[in-house]
Amino acid sequence: MEAVAVAAALGFLLLAGAGGSAGDEVREAAAVRALLTRLLGPGPAAAFSVSVERALAAESGLDTYRLSGGGAGARVQLLGSTGVAAAAGLHRYLRDFCGCHVAWSGSQLRLPQPLPAVPEVLTEATPNRYRYYQNVCTHSYSFVWWDWARWDREIDWMALNGINLALAWNGQEAIWQRVYLALGMTQSEIDEYFTGPAFLAWGRMGNLHTWDGPLTRSWHLKQLYLQVKGWERERPPINVCTVIPPTRVFPQVNVTQLGSWGHFNCSYSCSFLLAPEDPLFPVVGSLFLRELTKEFGTDHIYGADTFNEMQPPSSEPAYLAAATAAVYQAMTAVDPDAVWLLQGWLFHHQRTFWGPAQVGAVLGAVPRGRLLVLDLFAESQPMYIRTASFQGQPFIWCMLHNFGGNHGLFGALEAVNRGPAAARLFPNSTMVGTGMTPEGIGQNEVVYALMAELGWRKDPVADLEAWVTSFAARRYGVSHKDAETAWKLLLRSVYNCSAEAYSGHNQSPLVKRPSLQMGTTVWYNRSDVFEAWWLLLTAAPALASSPAFLYDLVDVTRQAAQELISLYYEEARTAYLNKELVPLLRAGGILAYELLPALDKVLASDSRFLLGSWLKQAREMAVSEAEAHFYEQNSRYQLTLWGPEGNILDYANKQLAGLVADYYTPRWQLFVEMLVQSLAQGVPFQQQQFDKNAFELEESFVLSTRRYPSQPQGDTVDLAKKFFLKYYPRWVAGSL
């Protein structure tokens, strides 16, 4: 019972505003003390004093913390204007004074004794009201199979990183089910409509329906349980723009069928849009919102995404304004204080449609200040510049960074570092916060550490090289010259992307269905990756006890393998085009029969890179073997075909042991074999026939019931070293 109470209290503190009673302050302080105990243990936690006082904030809405005390015999004093401010202050103390590190891949929390003193009272206020977290897609690419224990850890991570605004979408389908039943639809009609769990994000945004469903009763119950048990009640989303095709229950309703999405046919896409002027529109929206707030309560911010990656039926500003106003009015009919949280992705995704008049129609249809826009991809494609600071509507500068939850070292740290400060200085800026909006998490943690820190900085980090050096020391718990040099190399290469042609979506030949037209260019010097790999292995004897170091060693080895696969692919392609059979056999053979199996073994040495761990999460969500099989297949589809016919093939690619061995490797072996046959027989390579044969391999993987290990096998350092000694000398000698 205590864990439940603590979690609920922590949820309360995460989204507390400037108001609230003295009782609220007491509960928030208690939640931070509970977080301390979970994080450090009862003994070390007793060395901290935590309190919350709204009056600490000099300006209402700007979270503030104060650190003082510590040293021999003295407790560290943590004071925050909100609970989340106090948690952020705790993180600042652990990071800057104790050299600790909190991360998805494993935290480093070795505290010096006695606890260091804060030499002068340190008071820090955030420059903007909000620190936002999550993308609608994150709930499918990363969170979909989480149990409460995993959510609990994420909530702690969010609190420590100062997050005070996040999506809360668990259980939404259960609420919609109640609404649809109340409208007269049958359970079988509803079951036919919902997608499977791994694809719910796109059902919620109106892109998909039906695909790889239905949802089970136990799914609905578990998601409601997670929503109620956790802190997520604070930001219930609303989606009132699409409904189940209503021809039977409401034959006279005014609907428009939108176009297809994501290469899906209308069996799974082509959503029906209820006309904003139809009398049923406010009824459906209000029914949903009333049911939602009755179940979970509200803090008055609601997420809704109209026309996400779907072209509206009309470009007329009057139509767009009416559709937008109808959604907002459905919110305010139930909650007069409603604020609409809108992902600004639609303006980026279809730029030719969303001209100034169309953008203005949407932004102007909601009273100024009641529409909160997420500038979703601001580190690369800032929409606030193109829209004159969203025409006066408040916006949050967001870093998207990752697409599909892919592995692959990537970042634009210079752009991230400069972006928020530049947005604040933009003429007539309406920026009210910073945000992290990745489609998937659990990768490139250095990028998120910087972005979270920028939520509390008025200015950019002055010296990123010094910052990343400090990051490495905290991450591993000790300063090590070789490791820090490795991170500097990564900073200037993979984490220094400035080319718009590249994004956080891994397009490496390793994870793509092979062809003779694949690109292999990168924005960095590959030699920096190989040198960083060598330096991390050099540091391994001193750092191998660090879980974060072992994760990074696997990750950089994986990246080096990815580079090697691109280079061997180039050799094989050149040999084929030059009609040179022996070089083709050599390069293709090494790629498909040596390199990929060796990579799979390295990945298998770390539990965080196991397909078995991924699928185990899905199976453990089930209450029966049939349901477990269904969830596992959902997960396999998402990782690979992303549709019945490879509709969004390999979009959500991962580099996991098991996936490399049984999905990518057979596909590459087939490609090399067909190239060799083509050359030996003197006939052109048949890409269409290869695609057909490859699809059979891909589909057989999805439908397979093979179980994969969920425990690591082998010694990471030893396997990475053997891999290095085999391929690094070839790279240096230029004789791959």
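Reading guide: rules and limits
Residues numbered from 1 in each chain as written. Predicted model: local features only at pLDDT ≥ 70, side-chain atom pairs only at ≥ 80, totals over all residues. Heavy atoms only, no water. Helix = DSSP H or I, 4+ residues; strand = E, 2+ residues; numbered from the N terminus. Rg over C-alpha atoms; globule rule 2.2 N^0.38 Å. Contact = heavy atoms within 4.5 Å. Pairing = 2+ DSSP bridges. Axes fitted to C-alpha atoms, helices over the stretch in contact; angles between N-to-C directions. Disulfide = S-S within 2.5 Å. Phe/Tyr/Trp six-rings, centres within 6.5 Å; stacked < 30°, edge-to-face > 60°. Buried < 20%, exposed > 50% of the residue type's maximum accessible area, 1.4 Å probe, protein only. Polar contact = N/O pair within 3.5 Å; in protein donor to acceptor, adjacent residues only side chain to side chain. Parallel < 35°, antiparallel > 145°, perpendicular 65-115°, else oblique. Left-handed = near helix turned anticlockwise from the far one by under 90°. Nonpolar A, V, L, I, M, F, W, Y, C, P; charged D, E, K, R; others polar. Salt bridge = Lys/Arg side-chain N within 4 Å of Asp/Glu carboxyl O. Expected span 1.5 Å × (residues − 1).

A. A look at the overall build of the protein chain. Counting its regular elements, the protein chain contains 28 helices and 13 strands. Radius of gyration (C-alpha) of the protein chain: 26 Å, near the 27 Å computed for a compact globule of 736 residues. Overall, the C-alpha framework of the protein chain stretches about 75 × 75 × 55 Å when taken along its three principal axes. When contacts within the protein chain are restricted to residue pairs at least 6 apart in sequence, those whose partners lie at least 24 apart make up 75%.

B. Quick look at the sheet that holds strand E11 (residues 371-375). With parallel pairing, seven strands are arranged side by side in an open sheet as E6-E5-E13-E12-E11-E10-E9. Looking at which strands have only one partner, the edges of the open sheet turn out to be strand E6 (165-166) and strand E9 (301-303). As judged from the three bridges shared by E9 and strand E10 (residues 339-343), these two strands associate in the parallel manner. The partner of isoleucine 301 across the bridge, within E10, is valine 339. Strands in contact with helix H17 (residues 413-425) are strand E12 (395-399) and strand E13 (431-436); relative to E12, the strand with the most contacts, it is inclined by about 170°.

C. Just the state of the cysteines, in detail. Under the counting rule described, the total for this entry stands at one disulfide. Across a sulfur-sulfur distance of 1.9 Å, cysteine 266 and cysteine 270 are joined as a disulfide pair. Because the sign of the S-S torsion sets the handedness, a value of about -70° for the bond joining cysteine 266 and cysteine 270 places this disulfide among the left-handed ones. Sulfur of cysteine 98: no disulfide; nearest cysteine sulfur belongs to cysteine 100 and is 5.1 Å away.

D. Structural view of the packing of aromatic side chains. Counting across every chain of the model gives 57 aromatic pairs. Considering the side-chain rings of phenylalanine 530 and tryptophan 533, the 6.1 Å spacing of their centres and the 45° angle between planes classify their relative orientation as tilted. Here phenylalanine 530 and its partner tryptophan 533 are both found in helix H21 (residues 526-543), three residues apart, which amounts to about one turn of the helix. Overall, phenylalanine 530 belongs to the buried group, its relative accessible area being 0%.

E. Highlighting the side chain of asparagine 128. Residue position: asparagine 128 is located in the loop between strand E4 (122-125) and strand E5 (130-133). A polar contact is formed between the side chain of asparagine 128 and the side chain of arginine 424, at a distance of 2.7 Å.

F. A look at the side chain of serine 142. Topologically, serine 142 is positioned in the loop between helix H5 (138-141) and helix H6 (148-160). Take serine 142: its relative accessible area is 13%, and that puts it in the buried class. Setting aside residues up to four positions removed in sequence, serine 142 forms contacts with Gly440 and Ile441.

G. Spotlight on the pairing of E4. Taking every second residue as pointing to the same face, the buried face of E4 carries Leu122 and Glu124, while none of Thr123 and Ala125 on the other face is buried. Taken together, the four bridges between strand E2 (residues 64-69) and E4 define a ladder with antiparallel strand orientation. Looking at E4, one finds that leucine 67 is bridged to leucine 122.

H. Spatial organisation of the environment of serine 107. Within the secondary structure layout, serine 107 lies in the loop between helix H4 (83-96) and E4. Judged by its relative accessible area of 35%, serine 107 falls in the partly exposed class. Sequence separation between serine 107 and glycine 477 is 370 residues; the distance between their C-alpha atoms is 9.7 Å. If near-sequence neighbours (up to four positions away) are discounted, serine 107 is found in contact with His101 and Val102.

I. Region of the structure containing the packing of helix H7 (residues 172-182) against helix H11 (residues 280-296). Taken N-terminus to C-terminus, the directions of H7 and H11 make an angle of 125°; their axes are 9 Å apart at the nearest point. By the angle between their axes, H7 is oblique relative to H11. For the pair H7 and H11, the crossing hand works out as right-handed. Contacts between H7 and H11 involve Gln172, Ile175, Trp176, Arg178 and Val179 from the former and Val284, Leu287, Phe288, Glu291, Leu292, Glu295 and Phe296 from the latter. Of the residues contributing to the contact of H7 with H11, the split by class is eight nonpolar, one polar and three charged.

J. Looking closely at the pairing of E5. Burial along E5 is two-sided: Tyr130 and Tyr132 facing one way and Arg131 and Tyr133 facing the other are all buried. Relative to E13, E5 is paired through four bridges, and the arrangement is parallel. Within E13, the position partnered with tyrosine 130 by the bridge is glycine 433. Pairing of E5 with E6, which is carried by two bridges, proceeds in the parallel orientation. Looking across to E6, one finds that tyrosine 133 is bridged to alanine 166.

K. Region of interest: the sheet that holds strand E1 (residues 48-52). Across the sheet, which stays open at both edges, the four strands sit in the order E1-E3-E2-E4 with mixed pairing between neighbours. Looking along the sheet, the strands with just one partner apiece sit at the ends: E1 and E4. Strand-to-strand twist in this sheet, taken as the mean axis angle between neighbours without regard to direction, amounts to 15°. Across the sheet, helix H2 (residues 22-40) touches E1 and strand E3 (76-80), and the angle it forms with E1 is around 150°. Strands in contact with H4 are E1, E2, E3 and E4; relative to E2, the strand with the most contacts, it is inclined by about 45°.

L. Summary view of unusual backbone geometry. For the bond running from glutamine 113 to proline 114, omega is -5°, close enough to zero to count as cis. Among the secondary structure elements, proline 114 is positioned in the loop between H4 and E4. Each neighbour pair has its own omega, and for glycine 213 with proline 214 the value is 5°, a cis peptide bond. With respect to the helices and strands, the residue proline 214 is situated in the loop between helix H9 (200-204) and helix H10 (217-229).

M. Spatial organisation of the pattern of salt bridges. Under the defined criterion, the tally for this structure stands at 34 salt bridges. The partner of arginine 54 in a salt bridge is glutamate 28, and the shortest N-O contact between them spans 2.6 Å. Of this pair, arginine 54 sits in the loop between E1 and E2 while glutamate 28 is found in helix H2, placing the two residues 26 residues apart along the sequence. For the residue pair arginine 54 and glutamate 28, the accessibility class agrees, reading buried in each case. A salt bridge links glutamate 445 to arginine 475; its shortest N-O distance comes to 2.9 Å. Residue glutamate 445 is located in helix H18 (residues 445-454), and its partner arginine 475 is located in helix H19 (residues 464-476); the two are separated by 30 residues in the primary sequence. You can call glutamate 445 buried: its relative accessible area is 9%. For arginine 475, a relative accessible area of 2% gives the class buried.

N. View of H11. The end-to-end C-alpha distance of H11, which contains 17 residues, comes to 24 Å, matching closely the 24 Å that a straight helix rising 1.5 Å per residue would cover. Those residues of H11 that fall on the buried side of the exposure criterion are Leu280, Phe281, Val284, Gly285, Ser286, Phe288, Leu289, Glu291, Leu292, Thr293 and Phe296. Positive phi appears at glycine 297, one or two residues downstream of H11, with a value of about 80°.

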